[in-house]
Amino acid sequence: MTEPAEGFTGMRRAVVIGGGLAGMLAAAAVVPFADEVTIVERDVLPQGPEPRRGLPQAKHAHVLWSGGAKAIERLVPGVTDRWIEAGAQKIPLMSGMVAHTPHGWYRRWKKPTPHYLIACSRDLLDWHVRDLVLQEPRIRLLDGAEAVALVGDARRVTGASVLAQGVLERELAADLVIDASGCGSRSLRWLSSLGISGIHERTVDSGLAYASRIYQAPTRSDNFPVVNVQAAPRDSQPEQAAVLIPIENGRWLVSLSGTRGGEPTADDKDFVPFALQLSHPLVGMLIARATPLTDVSTSRSTANGRRYFEQAQSWPEGLVILGDAVATYNPAYGQGMSVAAFGAHLLSSELKQVGLREPGLARRVQHAVARPTEEGVGGRRRPRRLLPGHSRAGAFRRQPAHQSFPRPSDQDRRRLRPRRNGADPGDDHGGQCHAAVVARRAPRRRMRAAEAAFAGPSAYTAGTGAAELCPR
Ligand SMILES: Cc1cc2nc3c(=O)[nH]c(=O)nc-3n(C[C@H](O)[C@H](O)[C@H](O)COP(=O)(O)OP(=O)(O)OC[C@H]3O[C@@H](n4cnc5c(N)ncnc54)[C@H](O)[C@@H]3O)c2cc1C
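None of these values were measured; they are calculated from a predicted model.

Considering the overall build of the protein
Each helix and strand in the protein was counted, giving 15 helices and 22 strands. Burial statistics for the protein: of 472 residues in total, 52% are counted as buried. Within the protein, counting contacts between residues at least 6 apart in sequence, those at least 24 apart form 71% of the total.

Structure representation (structure tokens):
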């Protein structure tokens, strides 16, 4: 069945491809400016915090930094309370974290910062967003349906072609199509068939593998910290790490990770021994006597991938691409959900200024989205500095795969340790700056202020611009 696409004189319509986090947030962003928003989702979405095929990464540890959480709250008011009522925890940075770094234990700051992370299962996180977003009557969910093409031409996208129940194809007309279909997005191919090609794509694969398992915590885990044993990056040695996140219903979600040659296996028997032989055995010791509730799940979807849509020579009206469809991140950065939220928020800000049908809207949004995306992947400068195995062909052979906090170099990591005459990470000023960057509440450049503070008073005053970046 093919429904003719309607013109643009009637109802204002938006179609969102993908009903994951980015898709739900995009729908929330666009609905105040549209008469009807249709979310097209390949999965039949569960009616609760349940796993689903299209979100396999939900089996692995997910942290949502407070910067991302606040962006989501602005789009979906009330969602933070819903998460907390359902058993999620707001864990303060860094007092609520126990982290073993290559340079020893990370200081647990006494002074609280306003920054935190949300700890819960990904299924719970997504469910409460989805449930609230879908309460809006103008948002319609078409699940069990797959978008198979964009409709339109190189000047304007006018809708999406959708396959429902695998057979019925129809066109959904829209003033704005938002592709939020994740890392498997077919937008490059779809755009090419409309005559827009040459969009640059880059992948940086550290070869990181994840293995995760859920445990029943042996004691009540309210206020239990996030426990993190970081990798010690060494030349030609695989890196290995572990993180334990306390999640709802008194459970621990434990993710192990390792690079090529040091990957955790899918074998249940290997899980605890892997955690015990890390640079510190703490995670292994904690889970050795806890009861596993699931088998081990593995993932290798850990590459940084970036599609530079904003650099396209021309861009059609009516198409915006958000979330993992623009960029995926090494999970050790914990960035994907926050960047998806920032993207939806930027869409909302642009719509507030010009409305749904303003010429140039799509291109402006795509440009705006590039900013938080670049911060998420570490900016343009970062790969050269971080990746000594950078080959001439442009592929990166070796990359420090584990980086739980955004610390630009080994030298900077040492600075985060206490210094005799300088500040330490518990220092109010340096600590606040560092936490703000980690939590995605401040741009990465503010890290310079923290570094300067940690390096001591002379460096602090040596023209770093720290005072302006992070006033006391
Ligand atoms: C192991 C691992 C750990 C991670 N840990 C973290 C973390 O700690 N913190 C963090 O912030 N991020 C983390 N991430 C990243 C995070 O999971 C993603 O950034 C986030 O899910 C992106 O959301 P999205 O909505 O853009 O894409 P997705 O979650 O992939 O959603 C895309 C949706 O589109 C649907 N879809 C796809 N194609 C079509 C189509 N043609 N038609 C209709 N529907 C379609 C899919 O079924 C899916 O529901 C991690 C990722 C991995 C792999």
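Overview of the packing of helix H1 (residues 21-30) against helix H4 (residues 122-133)
In a pair of packed helices, the angle between the axes and the distance between the axes together describe the arrangement. The geometry of H1 relative to H4 is characterised by a closest axis approach of 10 Å and an angle of 30° between their N-to-C directions. One element, H1, and the other, H4, form an angle in the roughly parallel class. For the element pair H1 and H4, the recorded crossing hand is left-handed. Along the contact surface, H1 presents Leu21, Met24, Ala27 and Ala28, while H4 presents Asp126, Val129, Arg130 and Val133. For the contact of H1 with H4, the class distribution of residues is six nonpolar, no polar and two charged.

Points about the site of the ligand
Looking at the ligand, there are 37 residues lining it, with Gly20, Gly54, Gly182, Gly323 and Gly336 nearest. Listed by contribution, the elements that provide at least two residues to the shell around the ligand are H1, strand S2 (36-41), strand S3 (63-65), strand S9 (145-152) and helix H8 (336-354). Among the elements that line the shell around the ligand, the one with the most residues is H8, at four residues. Class assignment for the residues of the shell around the ligand results in 14 nonpolar, 18 polar and five charged.

Here we look at the confidence of the model for the protein
Mean pLDDT over the protein stands at 82; residues scoring 70 or higher make up 77%. Under a pLDDT of 50 for its full length, residues 379-426 has, in the predicted model, 90 contacts with residues more than four places off or in other chains. Of the regions scoring below 50 in pLDDT, residues 451-472 engages in 41 contacts with residues more than four places distant in sequence or in other chains.

As for the packing of helix H2 (residues 66-75) against H8
Remark: H2 packs on H8, axes separated minimally by 8 Å, with the N-to-C direction vectors making an angle of 40°. On the basis of their axis angle, the class for H2 and H8 is oblique. Between H2 and H8 lies a crossing whose hand is left-handed. Residues Gly67, Gly68, Ala71, Ile72, Arg74 and Leu75 of H2 pack against Met337, Ser338, Ala341, Phe342, Ala344, His345 and Ser348 of H8. When its residues are assigned to classes, the contact of H2 with H8 shows seven nonpolar, five polar and one charged.

Describing the sheet that holds strand S20 (residues 304-307)
With respect to topology, three strands assemble into an open sheet ordered S13-S20-S22, the strand pairing being antiparallel. The open sheet has two free edges, formed respectively by strand S13 (201-204) and strand S22 (327-328), since each of these has just one partner strand. Note: S13 against S20, four bridges, orientation antiparallel. Of the residues in S20, the one forming a bridge with Glu201 is Arg307.

Considerations on the nonpolar core
Ranked by size, the top nonpolar core spans 123 residues in total, and within it Leu25, Ala26, Val30 and Leu322 carry the most contacts. Counting only domains with at least three residues in this core, you end up with domain 1 (13-56 + 124-202 + 304-377) and domain 2 (209-299). If we ignore the near neighbours within four places in the chain, the residues touching Val30 are Ala14, Val37, Leu176, Ile178, Leu347 and Leu351.

Quick notes on unusual backbone geometry
Here the phi dihedral of Asn249 falls at roughly 60°; this positive angle occurs in a residue that is not glycine. Considering the arrangement of structural elements, one finds Asn249 in the loop between strand S16 (240-247) and strand S17 (251-258). When the 14 C-beta atoms within 10 Å are taken as the criterion, Asn249 is described as partly exposed.

Looking at the environment of Ser121
With respect to the helices and strands, Ser121 occurs in the loop between strand S7 (116-119) and H4. Along the primary structure Ser121 and His60 are separated by 61 residues, whereas in three dimensions their C-alpha atoms are 8.5 Å apart. When neighbours within four sequence positions are excluded, Ser121 is seen to be in contact with Pro49, Ala58, Ile247, Glu248 and Leu253.

Quick notes on the pairing of strand S10 (residues 157-164)
Inspection of the sheet shows S9 paired to S10 by seven bridges, in the antiparallel sense. Its bridge partner lying in S10, Gly152 is registered against Val157. Here S9 folds back onto S10 in antiparallel fashion, the turn holding four residues.

Observations regarding the sheet that holds strand S21 (residues 319-321)
With parallel pairing, five strands are arranged side by side in an open sheet as S8-S2-S1-S12-S21. Each having just a single partner strand, strand S8 (139-143) and S21 make up the two edges of the open sheet. With direction set aside, neighbouring strand axes in the sheet form an average angle of 20°. With five bridges connecting them, strand S1 (residues 13-17) and S2 associate as parallel partners. Bridging across to S2, Val15 finds its partner in Thr38.

Procedures and definitions
Residues numbered from 1 in each chain as written. Predicted model: local features only at pLDDT ≥ 70, side-chain atom pairs only at ≥ 80, totals over all residues. Helix = DSSP H or I, 4+ residues; strand = E, 2+ residues; numbered from the N terminus. Buried ≥ 20, exposed ≤ 12 C-beta atoms within 10 Å, placed from the backbone. Contact = placed C-beta atoms within 7 Å. Axes fitted to C-alpha atoms, helices over the stretch in contact; angles between N-to-C directions. Parallel < 35°, antiparallel > 145°, perpendicular 65-115°, else oblique. Left-handed = near helix turned anticlockwise from the far one by under 90°. Nonpolar A, V, L, I, M, F, W, Y, C, P; charged D, E, K, R; others polar. Near = placed C-beta within 6 Å. pLDDT = per-residue confidence, 0-100. Pairing = 2+ DSSP bridges. Core = buried A, V, L, I, M, F, W, Y, C linked by C-beta atoms within 7 Å. Domains from an automatic or database assignment.

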